[in-house]
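Chains, contacts and geometry: an overview
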Amino acid sequence: MRSLVKASRFLLPACLGFAAAVEALAAQTGGTHKYHVERQIKLGGDGRWDYIVLDTASNRLFIARQDRVMVVDPDHGKLLGEVRGLDGAHGVALDPASKHVFTFNGDAHSSTVVDPASGQALGSIDLGGKPEFGVSAGDGKLYVNIEDRAEIAEIDAAAQKVTRRWSLAPCTEPTGLAIDREHHRLFSGCHNRVMAISDATTGKVIATVPIGGGVDGDGFDPVTGLAFSSDGEGTLTVVHQDSPTRYRVVSTVPTKRGARTMALDPRTHRISTVTADLGPPPAPTEEQPHPRPTIVPDTFTLLVLER
């Protein structure tokens, strides 16, 4: 576009070309970035929450809540069961290759391997730092953000061990994570208000885009080419993948304060996020100089966003 007016004889064709490009881009995105909150489903229950994952095969949402993982039917908003006995559960990853569920335990700096059929723990993986969200590549590899080290750890699911790490700089405190399996791209939501996109093959950050504050959940839709950042300040940032190396923000959708994690259904393109009514924080202490807001009891709610 900088060369658009170099010569007047090229101005009209260039303008027509630009208009065609805009029309093509509009057709490509098809308004798919225009999300809104369609439903709110009360789940209740005590305790803070963290990451949520949708298992499309069984149509189940897994919601990490401190010492347990809630299993929810997202269509009817019904709690089906809970996996208990966890230490600071932060997230869940489902790995089709191993047919196991992997929880990521921030306080324990570990991942717990769970048999989804029995609900029994099968083993533990030392991650060497505080894990946040994890994703499966579908080929036996898992990836997880290590928040306190600003890096990604690659896990061999069968061997139950970390095989590789790389830095996410300039990202700090990475939390939410999503994957584009076709192009081997990982989308990390960072607390310095950027989404860091890295190449899982080379282990390098290739792009960053601005997002909202308090991110904890990311998503990627391979059909629409949209990446998402669920921000605790009460917004959903929508990013379009123009190419595997070029990304841009296309909209910022109002949600609700505290709705910082999310799960995407690739079949319906619906997005699920959770939050609760928040009250004032307790008084600061030496151990907790910046306390979190209090949670109004029994207000934990599932929000469903649609186009």
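So, here's what we can say about the structure. As the structure is a computational prediction, the values presented were derived from the model and not from experiment.

In this section: the environment of G45. For G45, the location among the structural elements is in the loop between β1 (36–42) and β2 (52–55). Distance from G45 to P297, taken between C-alpha atoms, is 7.7 Å for residues 252 residues apart in sequence. Contacts of G45, omitting those with residues within four sequence positions, involve R65, D298 and F300.

Okay, the sheet that holds strand β8 (residues 131–136) next. Taken together, four strands build an open sheet; the order of strands is β8-β9-β10-β11 and the sheet is antiparallel. Every interior strand has two partners, whereas the edge strands, β8 and β11 (161–167), have only one. In this sheet, neighbouring strand axes are inclined to one another by 25 degrees on average, regardless of whether the strands run parallel or antiparallel. Both strand β9 (residues 141–146) and strand β10 (residues 151–156) contribute to a ladder of six bridges, which runs antiparallel. Paired with I146 across the strands is E151, a residue of β10.

Here we take up the nonpolar core. By size, the foremost hydrophobic cluster in this structure holds 17 residues, and its most contacted members are V135, Y143, I152, W166, L177 and L186. Grouped together as the second largest cluster of nonpolar side chains are 15 residues, W49, L54, I63 and M70 included.

On the basis of which strands lie adjacent, the open sheet formed by four strands has the order β1-β22-β21-β20 and antiparallel pairing. Since the sheet does not close on itself, it has two edges, and those belong to β1 and β20 (262–264), each with one partner. Looking at each pair of strands side by side, their axes are set apart by 25 degrees on average, direction ignored. Sheet topology places β1 next to strand β22 (residues 301–306); six bridges connect them, and they run antiparallel. Counterpart to I41 in the pairing with β22 is L302.

Criteria and cut-off values
Residues numbered from 1 in each chain as written. Predicted model: local features only at pLDDT ≥ 70, side-chain atom pairs only at ≥ 80, totals over all residues. Heavy atoms only, no water. Helix = DSSP H or I, 4+ residues; strand = E, 2+ residues; numbered from the N terminus. Contact = heavy atoms within 4.5 Å. Pairing = 2+ DSSP bridges. Axes fitted to C-alpha atoms, helices over the stretch in contact; angles between N-to-C directions. Core = buried A, V, L, I, M, F, W, Y, C linked by side-chain atoms within 4.5 Å. Buried < 20%, exposed > 50% of the residue type's maximum accessible area, 1.4 Å probe, protein only.

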